[in-house]
Amino acid sequence: MPRAVYVLALGIFAMVTGEFVVAGLMPQMAEGLDATIPEIGYLITAFAVAMAVGGPFLTVAVLRLRQKQALMVLFAVFLAGNVLAATAPTYGAMVVARVVTGVASQAFFGVSISLCAQLARPEARGRAIAVAMNGLMLGTLLGLPLSTVIGEHLGWRAAFWAVTALTVAAALCTLAGVPRLDRAPGENGGSVRGELGVFRRPALWLALSTSTFIIGATFSAFSYLTPILTEVTGFTAGTVPLLLIAYGAATVVGNTVVGRLADRHTLGVLLCGLALNLAFLTGFALFAHLPVPAVAFMLGVGLVGVTMNPAMVTRVQRAGNAGPLVNTIHSSFITFGIVFGTSVGGPAIDAFGLRAPLWIGAGMAAIGILTLVPALTRRPAGPAGPVAPSEGYIA
């Protein structure tokens, strides 16, 4: 595996840590910015919406740059937003900071995944994407608790300064460790018209919708794990962080396994992952009041939820191309899934109780399976190569 892929994972780790830092420091930030806890929660929403809506536009803006140059520009934008967050004198300034960092983060993901596709051999693209996506998994596993500890001991602004330092380190590593490559001919030609042309393909939109339901199903449950585990399962508040670390470890394992299978068994992996997630979410909803089954099903969701990313990206790249815009818009569809899964869960809890998000997740997983049916029933026109746009490829 090229060393540069690991460097890109470091950049993604920095961005994801910056995304999650607010979640662990809500009370301190509310006091420091003279805001309420719900208002601090909106900072997470602002970041997500900025990612989904603004990321593709920033990607278009850097489309004509060489991808290494684009990464450095995006690091600079993210860094500026994070410095603003660390020094924000008011809540309004913090909202602006979260929007800036959200837009830069989404564009960075898209360009990074596109660059992974160029750096790795065609038959190893899924593994390369899995390595890069481990930056996301480790951001959940390590970035959030580390930033929370820093914020609790040194103040919430120190946590943002720590993310700033991590971003600078990742940018310097990228500058030194990522080669200067031109875009691959026929895939990332740098033309906005060429990048947009692939969106005329129905198979691409179907692939994008599958990703929305996969991640939406997972985050519908993940977003409410803490209240479910404490109020329904009966774990103490002190035990939940340990369970979340175990969940994060499960995502790292699952991501590695999926990365090794994604190239040769793309649709099979997605179908198996969705079917298992449907089973795990249903089991979790039914047995959430029993500690041992609840933990087992929770870890199952960790193994087959967000870990589908390498297979999802591989499928989208085959249906469209490996260009930065396709990958960024794919990330936007993933973010829409997160926003939908989390936003529907709250009202459902008010109406039906804390198990409701688990049932919503199970329903989204079932719909995700249905979006795979056209691709699974389509007969391949011929031997499928590793980057062919055919949806019917299952090795």
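Residues numbered from 1 in each chain as written. Predicted model: local features only at pLDDT ≥ 70, side-chain atom pairs only at ≥ 80, totals over all residues. Heavy atoms only, no water.

1. Considering the overall build of the chain
Here comes step 1: Along the chain, the regular secondary structure elements total 16 helices and zero strands.
Here comes step 2: Sorting the 395 residues of the chain into buried and exposed places 55% on the buried side.
Here comes step 3: With an accessible surface of roughly 15,300 Å², the chain has 71% of that area assigned to carbon and sulfur atoms.
Here comes step 4: Between the centroid of the 21 positive side chains of the chain and the centroid of its 13 negative side chains there is a distance of 16 Å. (Helix = DSSP H or I, 4+ residues; strand = E, 2+ residues; numbered from the N terminus. Buried < 20%, exposed > 50% of the residue type's maximum accessible area, 1.4 Å probe, protein only. Areas by Shrake-Rupley, 256 points an atom, 1.4 Å probe, with all protein chains shown as cover. Lys, Arg positive; Asp, Glu negative; His and termini not counted. Charge placed at Lys NZ, Arg CZ, Asp CG, Glu CD.)

2. With respect to empty space enclosed by the protein
Here comes step 1: This model, assessed by the stated rule, comprises three cavities of 30 Å³ or more.
Here comes step 2: By volume, the largest cavity is sized at about 80 Å³.
Here comes step 3: If you go around the largest cavity, the residues you meet are F20, L136, M137, T140, T218, F219, F222, Y247, T251 and V306.
Here comes step 4: Broken down by class, the residue content of the lining of the largest cavity amounts to seven nonpolar, three polar and no charged. (1 Å grid on protein atoms, 1.4 Å probe; cavity = no way out; pocket = protein on both sides within 12 Å on 5 of 7 lines; lining within 4 Å. Points joined across faces, edges and corners; volume = space filled by probe spheres on them. Nonpolar A, V, L, I, M, F, W, Y, C, P; charged D, E, K, R; others polar.)

3. Things to note about the confidence of the model for the chain
Here comes step 1: Averaged over all residues, the pLDDT of the chain is 85; the fraction at 70 or higher stands at 92%.
Here comes step 2: Of all the helices and strands in the chain, helix α8 (residues 192–197) carries the lowest mean pLDDT, 74, while helix α12 (residues 266–287) carries the highest, 97.
Here comes step 3: Counting contacts from residues 184–189, a segment whose pLDDT is below 50, to residues more than four positions away or on other chains yields 18 contacts. (pLDDT = per-residue confidence, 0-100. Contact = heavy atoms within 4.5 Å.)

4. A short note on unusual backbone geometry
Here comes step 1: The phi dihedral of D34 falls on the positive side, at around 55°, and the residue is not glycine.
Here comes step 2: Following the sequence through the fold, D34 ends up in the loop between α2 (26–32) and α3 (37–61).

5. Details of the packing of helix α4 (residues 67–87) against helix α7 (residues 156–177)
Here comes step 1: For the pair α4 and α7, the least separation of the axes is 9 Å and the interaxial angle reads 165°. Between α4 and α7, the angle falls in the class roughly antiparallel. Crossing hand, α4 versus α7: left-handed. Across the interface between the two elements, K68, L71, M72, F75, F78, L79, N82, V83, A85, A86 and T87 from α4 touch W156, R157, F160, W161, V163, T164, T167, V168, A170, A171, T174 and L175 from α7.
Here comes step 2: Taken together, the residues that form the contact of α4 with α7 break down as 16 nonpolar, five polar and two charged. (Axes fitted to C-alpha atoms, helices over the stretch in contact; angles between N-to-C directions. Parallel < 35°, antiparallel > 145°, perpendicular 65-115°, else oblique. Left-handed = near helix turned anticlockwise from the far one by under 90°.)

6. Things to note about the side chain of T328
Here comes step 1: By secondary structure assignment, the location of T328 is in helix α15 (residues 324–352).
Here comes step 2: Residue T328 is classed as buried on the basis of its relative accessible area, which comes to 0%.
Here comes step 3: Engagement of the side chain of T328 in a polar contact is seen with the side chain of T59, the distance being 2.9 Å.
Here comes step 4: Every residue in contact with T328, bar those within four places of it in the chain, is listed here: G55, P56, T59, Q106, A107, G110 and V111. (Polar contact = N/O pair within 3.5 Å; in protein donor to acceptor, adjacent residues only side chain to side chain.)

7. Remarks on α15
Here comes step 1: With 29 residues, α15 extends 41 Å between its outermost C-alpha atoms, agreeing within 8% with the 42 Å of an ideal straight helix rising 1.5 Å per residue.
Here comes step 2: Of all the bends in α15, the greatest reaches close to 25° and is centred on G346; the proline P347 follows between one and four positions later.
Here comes step 3: Immediately downstream of α15, the backbone of G353 shows phi near 100°, a positive value. (Expected span 1.5 Å × (residues − 1). Bend = angle between axes of the 7 residues up to and from the residue.)

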